[in-house]
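Close look at the chain arrangement
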Amino acid sequence: MTARFLLPFLSLAAAVLVVLLLPADALAQAGAEVAQDVTEAAAESEIVVTEADMPDPTGTGLRRAVTPVAEEIHHFYEYILLPMKLLISFFVLGLIIWIVVRYNKYANPVPRRFSHNTLVEVVWTLVPVFILLIIAIPSFDLLYLEDTMPDGQRVLYEPGGDTFLFENDFPESRMVDENRHIEVTRIDTRTGDRVLLESDDYEIEGFGEPELTIRLAEALPADYQVEVIGGRSRVGRKPILGLFGEDRSRIVPAPTMTIKATGYQWGWAYSYPDFGDFEFDALMAPPDTVPSELYRLAATNEVVVPAGETVRVITTGRDVIHSWAMPAFGVKIDSIPGRLNETWFYTEEEGSYYGQCSELCGKDHAFMPIEVSVVSRPEFEAWVDEQREFNGLEPLFSGQDQLAAAPAAATDLN
Ligand SMILES: [Cu+2]
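Notes on the structure in this doc start here. (Residues numbered from 1 in each chain as written. Predicted model: local features only at pLDDT ≥ 70, side-chain atom pairs only at ≥ 80, totals over all residues.)

**Regarding the overall build of the protein**
What the protein contains, in helices and strands, is 6 helices and 19 strands. Going through the 414 residues of the protein one by one, you find that 28% of them count as buried. Taking the contacts inside the protein whose residues are at least 6 apart along the sequence as the reference set, 66% of them involve residues at least 24 apart. (Helix = DSSP H or I, 4+ residues; strand = E, 2+ residues; numbered from the N terminus. Buried ≥ 20, exposed ≤ 12 C-beta atoms within 10 Å, placed from the backbone. Contact = placed C-beta atoms within 7 Å.)

What follows is the structure in structure tokens.
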């Protein structure tokens, strides 16, 4: 072996060392500084920044997931895609090293002259087929979740009693007929604390019948309410292969409202068909009005939605194809002229979330950000009334009984 032969190995080892030693501390510190700067800048400009939703310039992983769909996407990436691609990379690296060591002209001066090996060729055709199948099956599941409107019906029962009736008024094919289609939560009305009851804390009778009876093992103490959600839209990370990891899946309620996002060159127009005939534009916020980290992420107007409710998103394009994308929600859906695309999101975490048009749509593609502000229901209603007033419409919520004015839950049970 000569020095010429060792050279590639030495440089590879040096590169690996640099990659291993450099980042941990330096990157973590840089990230913390950026977060700090943004928080300070935001305090000055009165813009609410959710630190966790900031794209981190030194980050290497995915951004935080705040919806059950995004959680499942992350889970799929972390437990299936990532191990798979690491395995493949190391396997190929091993093969390369083996070939370099074993079959270089010093170690193997007289090569054998043959071609074709049936067994090897069958294996290298079949193994990738299996790898693609392993990736494909859970990803079909994800596509289905993103595309199918959740159908959960949420009913709140008054304090007292131990027996509750749940109207199972779904079409027959979607009827609640298993334990996993029902979740019972006990709510402390004084503190608002919620406890999801275990399946042996209650009994259910009448699965598949139009009326279900839920009987608690212990009567409900005064000051406690029960919330029942029934439906088949169970979403969120599940144990790998049904065995490993915690089950964070839950039944997601049917949408209570719709937002329509229309992409155009170069911005987004939003309307809220459930709350009156108004529409507003969201363009990129000028750079001098936002912290530099939010440049090209903050918009002149934000989409405001209530926390803890399912929002249906419909989207279209006015000129060319755009794409409405929100990483924290696991949403990315094309906005196509002449066609409506539909998806949904559900999050309980209030805050501001940032995304960008994700379809190359022309010269200013990089300048049409998407900003969503998730707020409490009362704040949302105040915002709706503000928008209506701005557009010369009567208020919808203020001064009225909020429950009576809330739009009927739109149910789409496809
Ligand atoms: Cu675009």
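**Examining unusual backbone geometry**
With omega at 10°, the peptide bond leading from Gln 265 into Trp 266 counts as cis. Within the element layout of this structure, Trp 266 appears in the loop between strand 10 (255-264) and strand 11 (267-271). Backbone geometry places His 116, a non-glycine residue, at a positive phi of 70°. Considering the arrangement of structural elements, one finds His 116 in the loop between helix 3 (68-102) and helix 4 (118-147). Given 6 C-beta atoms within a 10 Å radius, His 116 is considered exposed.

**Focus: the nonpolar core**
Core analysis: the largest hydrophobic core is formed by 61 residues, its most contacted members being Ile 214, Val 228, Ile 259, Val 305, Val 313, Phe 329 and Phe 345. The two domains that each donate at least three residues to this core are domain 1 (153-232) and domain 2 (255-405). In contact with Val 313, not counting residues within four places along its chain, are Ile 259, Ala 261, Trp 324, Val 331, Glu 342, Thr 343, Trp 344 and Phe 345. (Core = buried A, V, L, I, M, F, W, Y, C linked by C-beta atoms within 7 Å. Domains from an automatic or database assignment.)

**Some details on the sheet that holds strand 2 (residues 163-167)**
Taken together, 3 strands build an open sheet; the order of strands is 2-6-5 and the sheet is antiparallel. For this open sheet the edge positions go to strand 2 and strand 5 (202-205), each flanked by a neighbour on one side alone. Put simply, the sheet's adjacent strands are angled 20° from each other on average, direction ignored. Inspection of the sheet shows strand 2 paired to strand 6 (residues 211-216) by 5 bridges, in the antiparallel sense. Bridging across to strand 6, Thr 163 finds its partner in Arg 215. (Pairing = 2+ DSSP bridges. Axes fitted to C-alpha atoms, helices over the stretch in contact; angles between N-to-C directions.)

**Comments concerning the sheet that holds strand 18 (residues 351-356)**
Taken in spatial order, the 3 strands make up an open sheet running 13-19-18, and their pairing is mixed. Among the strands making up the open sheet, the edge pair consists of strand 13 (303-306) and strand 18. For this sheet, the mean inter-axis angle between neighbouring strands, taken without regard to orientation, is 25°. Looking at chain direction, strand 13 and strand 19 (residues 369-375) are connected through 4 bridges and run parallel.

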